[in-house]
Structures are given as structure tokens and as C-alpha cells.
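An overview of the molecular structure
Here is how the chains run, residue by residue.
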Number of protein chains: 2
Amino acid sequence: MMTTLEILQRAKAAAPALSAVSTEQKNEALRAMAESLLAHTDGILEENSKDMEDAKGRLSDAMMDRLLLNEERLSGMADGIRDVCELPDPVGHVLEEIRRPNGLVIQKVTVPMGVIAVIYESRPNVTSDVSALCLKSGSACILRTGRDAFRTANAIAEALKEALALVGLTPDLIQLIQDTSRESANELMQARDYVDLLIPRGGAGLIKNCVENATVNVIQTGTGICHVYVDGSADPEMAVNIVENAKASRPSVCNAEEVCLVHRDIAEEFLPALKQRLVDDRMAAGLTPVELRLDERAMKIIPGTAAGPDDFDTEFLDYILAVGIVDSAEEAIAHIAEHSTGHSESIVTGEPETAELFLRCVDSAAVYVNASTRFTDGGEFGLGCEIGISTQKMHARGPMGLEALTTYKYIIRGDGQCR
Amino acid sequence: MMTTLEILQRAKAAAPALSAVSTEQKNEALRAMAESLLAHTDGILEENSKDMEDAKGRLSDAMMDRLLLNEERLSGMADGIRDVCELPDPVGHVLEEIRRPNGLVIQKVTVPMGVIAVIYESRPNVTSDVSALCLKSGSACILRTGRDAFRTANAIAEALKEALALVGLTPDLIQLIQDTSRESANELMQARDYVDLLIPRGGAGLIKNCVENATVNVIQTGTGICHVYVDGSADPEMAVNIVENAKASRPSVCNAEEVCLVHRDIAEEFLPALKQRLVDDRMAAGLTPVELRLDERAMKIIPGTAAGPDDFDTEFLDYILAVGIVDSAEEAIAHIAEHSTGHSESIVTGEPETAELFLRCVDSAAVYVNASTRFTDGGEFGLGCEIGISTQKMHARGPMGLEALTTYKYIIRGDGQCR
């Protein structure tokens with residue numbers, strides 16, 4: 001077993017050569033990676049079923065859903081890698097050229113980040129998405145998953161490394177840390193000499209741990225306490241559709257809604273319809289009903305659980321929705337400013353002015369009018385598969401595609417200039 | 001005296017309204033700030049002379065030069081603020097518009113960062129530069145300087161706040177932390193609820209402290225162990241000019257050269273000329289001579305101090321230059337990869353291929369051919385005055401102008417789309 005330090009050293013040593021590899025060679029490697037993934041379908045699914053077996057009883061249904069692989073999902077992962085071939089190479093773009101009066105020619109040119117580390121939990125597609133995006137953007141990647149998903153991730157990583165070797169690139173460009181203990185994560189967070197960028201992907205605990213303990217550069221991703229605000233002027237049918245989609249289409253993901261705020265003027269009409277759709281209709285259809293956690297005012301209109309003090313600050317990642325009544329769009333905006341994690345928020349409204357107010361004042365990565373928060377996703381935004389969704393303001397915000405994985409440098413050509 | 005927490009709260013409360021202020025209003029405020037600075041010249045210089053008096057004996061000559069204000073420098077600071085008026089407003093640009101097949105219209109729009117904090121040491125212009133750049137880019141700023149420069153900074157900040165009030169903006173947009181103890185810096189570094197971006201400007205110790213202890217987002221700036229590599233094919237006269245300029249024109253700044261690497265083929269010719277220019281000629285002209293710290297091979301060619309083990313890893317910020325001999329451009333590139341802080345490096349060469357190799361392989365924020373490293377500066381790059389020079393790869397690299405102080409958000413307009 002390679003130590004974490006050896007892995008860091010190998011990734012750092014492998015990275016510089018990749019900046020000289022052509023776009024066509026990188027795409028050839030990506031196609032080989034997609035093929036190798038499919039060629040190893042049986043082996044990968046076998047390792048996944050062992051992980052699933054071990055996880056039984058320890059993980060929630062939603063978390064089990066995150067971990068699960070099947071042929072369809074694996075094939076989706078291969079498609080995701082192939083999609084990256086189609087995307088433009090983000091490296092080597094001259095972003096700006098400045099000619100100075102003294103004759104200096106200054107070019108701002110995109111270059112690879114170098115070594116990108118990702119700490120993640122159980123989603124198997126992270127292994128292939130990160131590997132593909134890092135390769136195309138010219139960086140080596142270091143992957144660190146937890147024990148729940150290790151066998152799956154390892155089988156995927158081995159398939160991808162095999163493909164790199166096939167096309168003549170060093171397999172060291174993709175590194176999976178073999179040690180799933182807390183120590184390896186801590187080592188990675190402190191590896192300033194080796195890691196240019198660390199992206200944690202997972203629950204709030206993981207993110208908090210990275211943000212508080214890392215000395216390497218971190219991009220905070222993914223924690224999504226997403227809000228849908230149903231304005232007084234909303235079309236109630238559209239609002240119910242959006243809230244059901246945002247909450248229940250895949251509750252385990254970060255762009256799922258956790259809080260629904262309802263304008264008092266529409267509450268009497270909207271809330272019974274919401275309860276009908278999210279609870280009664282779903283039960284009748286054999287779907288998991290959504291547990292509604294209601295503030296005091298909502299409790300007076302429909303039955304449900306009384307919301308506790310933390311329910312408006314919790315990423316449930318489950319079939320649970322906090323519901324509150326507000327007196328105005330401004331109150332909704334203020335509530336969001338106080339409780340949101342800055343991921344995605346949506347307003348359902350019939351008034352353009354209110355829509356614009358919401359768009360201007362809500363300071364989150366993605367702000368929607370009359371659409372589900374579930375669209376916050378690299379693929380849905382047309383960026384190709386994403387490495388994560390940034391909820392911070394520095395470097396990148398929202399779904400991070402290839403561009404977010406590069407940096408730039410200034411190249412200055414002179415003929416003896418002194419200042 | 002306001003506590004640091006009160007200052008954080010005021011800055012956060014003041015920031016949102018600034019995103020609705022027009023470009024013209026912001027420029028009016030900037031012009032008023034420049035005028036107010038000049039109107040308070042006497043008071044500011046008086047406070048500066050108190051700081052200078054106190055600093056005597058405690059600070060090196062180079063550090064005293066950083067702290068010193070005079071009419072010319074103050075007028076330069078006012079000009080710097082006025083220059084920011086001329087720069088385009090970085091907020092509200094639609095960076096991208098994506099129309100999706102499902103009808104969603106996605107816009108990626110630049111928005112202010114929010115609250116930007118800067119911890120700095122003694123340079124008085126930081127107070128006005130940061131205030132001007134933050135205001136124009138729509139963010140509130142929190143300034144934290146040390147005791148050496150506090151009176152100067154406070155006089156400048158008060159003049160700037162007075163100007164904000166004059167044009168009807170809240171003075172809370174510019175905040176100088178009144179407590180110069182270590183505790184206030186630590187409090188700022190941990191203020192995740194209040195600070196969107198922290199930029200330390202100063203020596204290596206300050207930067208290291210921020211990087212290791214901050215939980216807010218930090219941009220690492222300024223530490224510059226900058227290299228000039230004199231290739232075998234260099235024009236020796238050009239090389240001597242560039243090395244003297246890079247080292248001695250202002251040794252206290254981060255873009256000054258600290259290390260000169262010389263190809264063995266030119267060492268016998270170049271080193272005596274270097275010693276003549278940096279030591280003998282400067283002494284004859286009454287200028288401070290440069291102390292040359294030579295590696296073993298250089299010691300055999302010219303007289304000087306034998307370099308100690310740390311001399312190739314030190315930001316001297318003084319009239320000291322480490323000099324070493326290398327066998328090839330590749331060896332110079334490898335030396336730089338190992339010892340550089342990623343700020344600015346230059347090659348002096350007559351061979352275009354060697355120049356391109358150096359430009360491609362040296363992974364620093366600014367990489368030069370045949371020019372002095374002293375040009376790494378927002379003004380010299382045509383960006384207007386800068387908030388700092390980033391030596392990290394995340395978010396911004398090199399001189400950070402207005403653009404580097406913004407972030408973006410995605411605005412998505414739909415008509416009921418669900419995923």
C-alpha cells in the first residue's frame with residue numbers, strides 16, 4: 001500500500017508533463033477511460049455491491065442511493081467522461097493581451113492548476129468525473145474517499161489508470177488515497193507543498209472539517225440549504241410542481257430544496273395543495289411522502305410536524321421539508337440571507353418587479369425565477385460534468401466545470417526594459 | 001473605541017446597499033476621497049512623522065522607507081484613487097448567457113464580493129488603494145494595520161470616511177480596526193460570518209500566519225523570492241541593467257529580485273561586470289552597494305560573502321542578492337521550481353527557444369523574458385492600482401485589480417421548468 005506522502009509526491013511529479021500534452025492526446029485518454037470503465041463493468045459493480053452490503057443499516061436510504069451503482073449509472077459515468085472530450089480545452093487561452101507604452105507585451109494565459117485534491121464521501125461518479133475534468137484541464141488529481149465507498153472508488157480508479165497507461169500517459173496522474181482513516185484526510189489538508197487546490201465534496205461535516213483545518217486552498221462546495229419562495233402572485237399549480245420537483249425528485253443531492261417560504265396572501269390556497277401533492281398524492285401513488293415541518297403560522301392551516309428550532313438551518317437530504325410563512329418578498333430575502341448556505345434559491349412569482357428584486361438581493365450561487373433549484377448542475381448549465389458546486393465566492397461559484405480548474409499566469413516579453 | 005466585532009457587523013450591514021449604487025455615484029465618492037486626502041495633507045503627514053519617530057531603531061531602513069509618507073507620495077495616493085475612477089466598473093457584467101433547450105435562460109453576472117478584509121503592515125498607500133478598489137468593486141472593506149503604521153492609516157481612513165459621508169454614502173463602508181493587538185488579527189481571520197475574502201499584505205510571517213490560521217478565504221500575496229536567470233546567450237550589458245534594476249531600484253518591495261542565477265558559460269564575463277555595477281559603481285556614486293552572497297562556484301570568480309544555507313530561500317527586502325551558477329536553463333528552471341514563492345521570475349537570453357522553454361516551464365504568477373521583475377504591479381500592467389499581488393493559483397494570480405475583487409452569480413429565468 002502506498003503511503004499518502006508517496007501518493008502526494010507521485011502526483012506532483014506527474015503533473016508538469018501533462019501541461020505539454022495536446023488536446024487530442026488528452027481526448028484520446030478520456031475515450032480510453034470511458035471504454036475501460038465499461039469494460040470493467042462487472043468488476044466495478046461487484047465491488048459496489050460489497051460496499052452496499054457493508055453499508056446496510058449504517059447509511060440512510062438517501063445515502064444508500066448515493067452509493068449505489070448499476071449498469072445505467074455506470075454507463076452514465078462513461079458518457080460523462082466522453083462529454084468532457086467535446087468540451088473545449090481550457091488551457092492555453094490568451095485571456096488578455098496588454099501592450100504597454102514601454103514596449104512590454106503582457107499576456108494573461110490560462111494554465112493548469114497543477115495538483116487538485118478531492119475529498120468525497122460515497123458517490124461513485126465523483127471518481128470518474130473528477131479524473132476526467134482534471135485530466136482535460138491539465139492537472140493531476142488526488143482522490144480521497146471514505147471507507148463506505150472505497151472498494152467502488154478503487155475499482156473505478158484502477159480502470160481509469162489502466163486506460164492512461166494504454167495511451168502512454170502515466171497512471172500517476174490519477175491517485176486514490178489507499179488509507180481511509182481520518183489521518184489521510186488531515187495529511188491531505190496540510191499538504192501545501194503538494195496540493196494546489198482541495199475540493200471537499202460531501203456533507204456539512206466534511207466541508208466544515210476541511211474549511212477549519214486545511215492550510216491548502218479549499219473550495220467550499222455542496223452544502224445546500226436551498227429555498228423556494230412562493231410569492232403572493234405565484235401560479236399555485238406552478239408553485240406546487242416546482243416545490244415537489246425541488247424537494248422530492250432526488251432529496252439526497254445538494255440542489256434539493258430544504259425550506260419552502262410562502263407569502264401569507266397565498267398560504268391559505270397554496271399550503272393545502274402542497275400537502276395534497278407532497279403527502280397524500282405521493283402516498284396514494286406508493287411514493288415516499290414528504291414530512292412537512294411547519295412553523296406556527298403554517299400549523300394553523302395544514303396538519304404536519306411542528307418545526308423545531310433547527311429545522312430552518314438543516315440540510316435534511318431526505319423527504320423532509322421545512323415550511324414557513326412570510327409577510328413579504330423582503331422578509332423572504334432576509335430569511336434567506338440569514339439561513340441559506342449560498343447554494344440555490346428560487347422564487348415562484350407572477351410579478352416581474354418582485355422577480356428582479358429577488359434576483360438582485362439574494363446572494364447565492366444560483367438564483368432562480370419560476371424554476372426548480374434542481375437545475376444547479378454542471379450538465380444542466382451546459383458546462384459538461386462538474387467537479388462540484390461552489391458555495392463560496394472566491395475563485396468559482398456554483399457548478400464548477402473545466403474553466404474553474406485552471407488558473408492563469410502572466411507572460412511578459414521585453415527587450416531589456418527596466419522600471 | 002469600537003470593538004472588532006462591532007466593526008465586522010457594521011461592514012457587513014453596510015455592504016449590501018453598495019451593490020445598488022451607480023458607477024457615477026461611486027466615482028463621485030472616489031473623487032471626493034482623493035480631494036479629502038489632499039485637503040488633510042498636513043494632518044496625515046503629522047501623524048506619519050509620529051509613526052516614523054516611534055519606528056526609529058525598530059525598523060530597518062527598507063521598512064522605514066515603506067512607512068514614510070511625504071507630499072509627493074500622498075499626492076501619488078490621491079492620483080491612484082482618481083485612476084480608479086477611470087477604470088470600468090467591474091460589477092454587473094454578463095460574463096456568459098446560456099439558453100438551454102428547456103427554455104431556461106442562464107446568465108453568469110459579476111457581483112461584488114461583499115466584505116473584503118486586508119491585514120497589512122506599514123505601507124500607507126495600502127489604506128487608500130484598498131479603500132478605492134473595494135468601493136469601486138462594490139464591497140465594504142475592513143483594514144487592519146499594525147501599531148507601526150496605525151496613526152498614519154487612521155488619519156488616512158478618517159479622511160476617506162469623511163469623503164463618503166460628504167457624498168451621502170455610509171462611512172461604514174471603510175473600516176479600520178482600532179485594536180492593533182494580535183487578537184484583532186486572529187478575530188478577523190476567524191470571522192467566517194462577516195468576511196468574504198481576506199488579503200494579507202506584508203512579510204512572509206504575516207502571510208504564513210494568515211494561511212495557517214485563517215478559516216475565512218485567504219488570498220496569499222506578496223512574498224517574493226524573485227529570480228533573474230542570466231542565460232549563456234544573454235547580452236551581458238542588458239543582463240547587468242536588468243539585475244541592477246530588479247535588485248536595487250526599490251529593494252523593500254515584493255517584486256524586487258532576491259536571487260540571480262547565472263549560466264556557467266557567461267559567468268566569467270558577467271559576474272565581474274555585476275560586481276562592478278552593484279558594488280563598486282554604486283559606492284563610487286554614493287549609493288548603497290549590494291551585498292553579494294555567492295555560491296561556491298561564484299566565489300571562485302568574484303569576491304563576496306559566501307552564501308549560507310538559507311540565502312537562496314530568503315526574501316531579503318534589502319540590498320542583498322544571492323548569486324548562484326547553473327549548468328543549464330533546465331537547472332535554473334528546476335532551482336526556481338524548488339525555491340521560488342511563485343511571484344515573478346525573469347530570464348535574460350538571446351535565444352528565443354530558451355525563452356519559450358522558460359516561459360512554459362516556470363510556474364509563477366509573472367514570467368518575464370528580457371525585462372525586470374519590478375514590472376509586476378497593477379499600474380505597470382495597466383490594471384490601475386492593485387490590492388495585492390497573489391502568489392497562489394486560486395481565484396487570482398499576480399497583480400489583483402478590480403476584477404479580482406468581484407465574484408459572480410448565476411441568474412436563471414424560467415417559466416415553471418422542473419427537472
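Because the structure is a prediction, the values reported are computed rather than measured. Along each chain, residue indices are assigned from 1 in the same order as the chain's sequence is written. As a convention, the first chain written is A and the first ligand written is 1, with the rest following in written order. Per-residue local features are limited, in this predicted model, to residues with pLDDT of at least 70; the limit for side-chain atom pairs, both in listing and counting, is 80 or more; totals at the level of whole chains, interfaces and linings are taken over all residues. Based on all heavy atoms of the structure, the side-chain values leave hydrogens and waters out of the count.

When helices and strands are counted, chain A shows 14 helices and 16 strands. Principal-axis analysis of the C-alpha atoms gives chain A an extent of 75 × 65 × 35 Å. Under the scheme applied here, a residue whose accessible area is under 20% of the maximum for its type counts as buried, over 50% as exposed, and between as partly exposed, the area being computed with a 1.4 Å probe on protein chains only. In chain A, which comprises 419 residues, the proportion classed as buried is 61%. Note on areas: Shrake-Rupley with a 1.4 Å probe; residue coverage comes only from the protein chains shown. Entry remark: accessible area of chain A is about 15500 Å², with carbon and sulfur atoms responsible for 48%. For the purpose of charge, His is not counted, nor are the chain termini; Lys and Arg are scored as positive and Asp and Glu as negative. Where a charge lies is defined by one atom per residue type, namely NZ (Lys), CZ (Arg), CG (Asp) and CD (Glu). Distance between charge centroids for chain A: 6 Å, based on 39 positive and 65 negative side chains. Secondary structure elements are taken from DSSP: a helix is a run of H or I of four residues or more, a strand is a run of E of two residues or more, and numbering for both begins at the N terminus.

A word on the packing of aromatic side chains. Residue and element names in this part refer to chain A. Aromatic pairing here means that ring centres of Phe, Tyr or Trp (its six-membered ring) are within 6.5 Å. Orientation follows from the plane angle: under 30 degrees is stacked, over 60 is edge-to-face, and everything else is tilted. Applying the stated rule across the entire model yields 6 aromatic pairs over all chains. Ring plane angle 85 degrees and centroid distance 5.8 Å describe the contact between tyrosine 408 and tyrosine 410, whose orientation is recorded as edge-to-face. Neither residue differs from the other here; tyrosine 408 and tyrosine 410 are each classed as buried. Here lysine 108 stacks its cationic end above the ring of tyrosine 408, 4.4 Å away from the centre of that ring. Lysine NZ or arginine CZ positioned within 6 Å of the ring centre and within 35 degrees of the ring normal marks a charge as sitting over the ring.

To continue, consider the sheet that holds strand β3 (residues 115–120) of chain B. Residues and elements named next belong to chain B. Should DSSP find at least two bridges between two strands, the strands are taken to pair. Within the open sheet, the 4 strands sit side by side as β5-β4-β3-β6. Their pairing is parallel. Whereas interior strands pair on both sides, the edge strands pair on one side only; in this sheet they are β5 (174–176) and β6 (197–201). Taken over all neighbouring pairs, the strand axes of this sheet differ in orientation by 20 degrees on average, direction set aside. Across 5 bridges, the pairing between β3 and β6 is parallel. Looking at β6, one finds that isoleucine 119 is bridged to proline 200. Together, β3, β4 (140–145) and β5 form the strand contacts of helix α1 (residues 4–18), whose direction differs from that of β4 by roughly 155 degrees. We call two residues in contact when some of their heavy atoms are within 4.5 Å. Axes, fitted as lines to C-alpha atoms, cover a helix only where it is in contact. Angles between the N-to-C directions of the axes lie from 0 to 180 degrees. Most of the contacts of helix α9 (residues 204–213) go to β6, to which it runs at about 160 degrees, and overall it touches β3 and β6.

Once chain B is rotated about the relating axis by 180 degrees and shifted along it by 0.0 Å, it coincides with chain A to within an RMSD of 0.0 Å. Between the two chains, the operation in question is that of a two-fold axis. The C-alpha atom lying nearest the rotation axis in chain B is that of B:His395; the distance is 1.8 Å. Interface overlap between copies: 100% of the residues of chain B at the interface are likewise at the interface in chain A, consistent with a symmetric, same-surface contact. Alignment of the copies relies on least squares applied to C-alpha atoms, considering only residues that score at least 70 for pLDDT in both.

Attention now goes to the environment of A:Leu405. Relative to the assigned elements, A:Leu405 resides in the loop between β15 (398–399) and β16 (406–417). In this structure A:Leu405 touches A:Met113, A:Ile116, A:Leu133, A:Cys134, A:Ser137, A:Ser139, A:Ile199, A:Ile387 and A:Met400, once residues within four positions along its chain are discounted.

Time to look at the pattern of salt bridges. Salt bridges are identified by distance alone: a Lys or Arg side-chain nitrogen within 4 Å of an Asp or Glu carboxyl oxygen. Counting across every chain of the model gives 60 salt bridges over all chains. A:Asp51 is paired through a salt bridge with A:Arg151; the nearest N and O atoms lie 3.1 Å apart. Note that A:Asp51 is positioned in helix α3 (residues 41–55) and A:Arg151 in helix α7 (residues 150–166), a separation of 100 residues in sequence. The exposure class assigned to A:Arg151 is partly exposed, which follows from its relative accessible area of 29%. Residues A:Asp65 and A:Arg250 are paired through a salt bridge, measuring 3.6 Å at the closest nitrogen-oxygen approach. Pair noted here: A:Asp65 is in helix α4 (residues 61–67) and A:Arg250 is in the loop between α10 (236–248) and β8 (257–263), with a separation of 185 residues, a long-range link. In this structure A:Arg250 comes out as partly exposed when scored by relative accessible area, which is 26%. It is possible to trace a salt-bridge network through shared partners that takes in A:Asp196, B:Asp363, B:Lys393 and B:Arg397.

Note: interface size is frequently given as the accessible area lost on complex formation between the parts. Residue-level contacts link 69 residues of chain B with 69 residues of chain A. Interface area, chain B with chain A, both sides summed: about 5700 Å², of which 51% is carbon and sulfur. Accessible area, probed at 1.4 Å, shrinks when two parts are joined; the buried area is that loss added up over both. On the chain B side of the contact with chain A, B:Lys393, B:Met394 and B:Arg419 bury the most area, a combined 15% of that side's loss. Seen at the junction of chain B and chain A, the total is 8 salt bridges.

Another point: the sheet that holds strand β4 (residues 140–145) of chain A. All names here are of chain A. The strand order across the open sheet formed by 4 strands is β5-β4-β3-β6, and the pairing between neighbours is parallel. Two strands lie at the open edges of the sheet, namely β5 (174–176) and β6 (197–201), each paired on one side alone. Strand-to-strand twist of the sheet, defined as the mean angle between neighbouring strand axes without regard to direction, takes the value 20 degrees. Inspection of the sheet shows β4 paired to β5 by 3 bridges, in the parallel sense. Its bridge partner lying in β5, isoleucine 142 is registered against glutamine 175.

The subject of this paragraph is helix α2 (residues 23–39) of chain B. Residues and elements named next belong to chain B. Expected helix span is given by 1.5 Å per residue-to-residue step, counting one fewer step than there are residues. Over its 17 residues, α2 extends 24 Å from the first C-alpha to the last, a length consistent with the 24 Å expected when each residue adds 1.5 Å. Those residues of α2 that fall on the buried side of the exposure criterion are Lys26, Asn27, Ala29, Leu30, Ala32, Met33, Ala34, Ser36 and Leu37. Buried positions along α2 lie against α1, α3 (41–55), α5 (71–86), α6 (125–136), α7 (150–166) and β5.

What follows concerns the environment of A:Leu74. Residues and elements named next belong to chain A. With respect to the helices, strands and loops of the structure, leucine 74 is situated in helix α5 (residues 71–86). A relative accessible area of 0% means that leucine 74 is categorised as buried. C-alpha of leucine 74 to C-alpha of proline 124: the two residues are 50 residues apart in sequence and 8.8 Å apart in space. With sequence-adjacent residues up to four places away left out, leucine 74 is seen in contact with Leu37, Leu38, Thr41, Ile44 and Leu69.

This part covers the nonpolar core. Nonpolar core, defined: a set of buried Ala, Val, Leu, Ile, Met, Phe, Trp, Tyr and Cys residues in which side-chain atoms within 4.5 Å join the residues together. Counting 178 residues, the largest nonpolar core has A:Met33, A:Leu198, A:Ile387, B:Leu198 and B:Ile387 as the members making the most contacts within it. Non-local contacts of B:Leu198, meaning those with residues more than four positions away in its chain, are made with B:Ala117, B:Val118, B:Ile119, B:Met189, B:Cys210, B:Ala214, B:Val216, B:Asn217, B:Val218 and B:Ile219.

Quick look at the packing of α3(B) against α7(B) now. All names here are of chain B. Following both chains from N to C, one finds α3 and α7 inclined at 165 degrees, their axes separated by 7 Å at the closest point. With respect to their mutual orientation, α3 and α7 come out roughly antiparallel. When the axes of α3 and α7 are compared, the crossing they make is left-handed. Where α3 abuts α7, its residues Ile44, Glu47, Asn48, Lys50, Asp51 and Asp54 lie against Phe150, Arg151, Thr152, Ala155, Ile156 and Ala159. For this scheme, ten residues count as nonpolar: Ala, Val, Leu, Ile, Met, Phe, Trp, Tyr, Cys and Pro. Four count as charged, namely Asp, Glu, Lys and Arg, and the remainder, Gly too, count as polar. Taken together, the residues that form the contact of α3 with α7 break down as 5 nonpolar, 2 polar and 5 charged. An angle below 35 degrees is treated as roughly parallel, one above 145 as roughly antiparallel, one from 65 to 115 as roughly perpendicular, and anything else as oblique. For any pair of crossing helices, the crossing counts as left-handed if the nearer helix is rotated counterclockwise from the farther one by less than a right angle, and right-handed if it is rotated clockwise.

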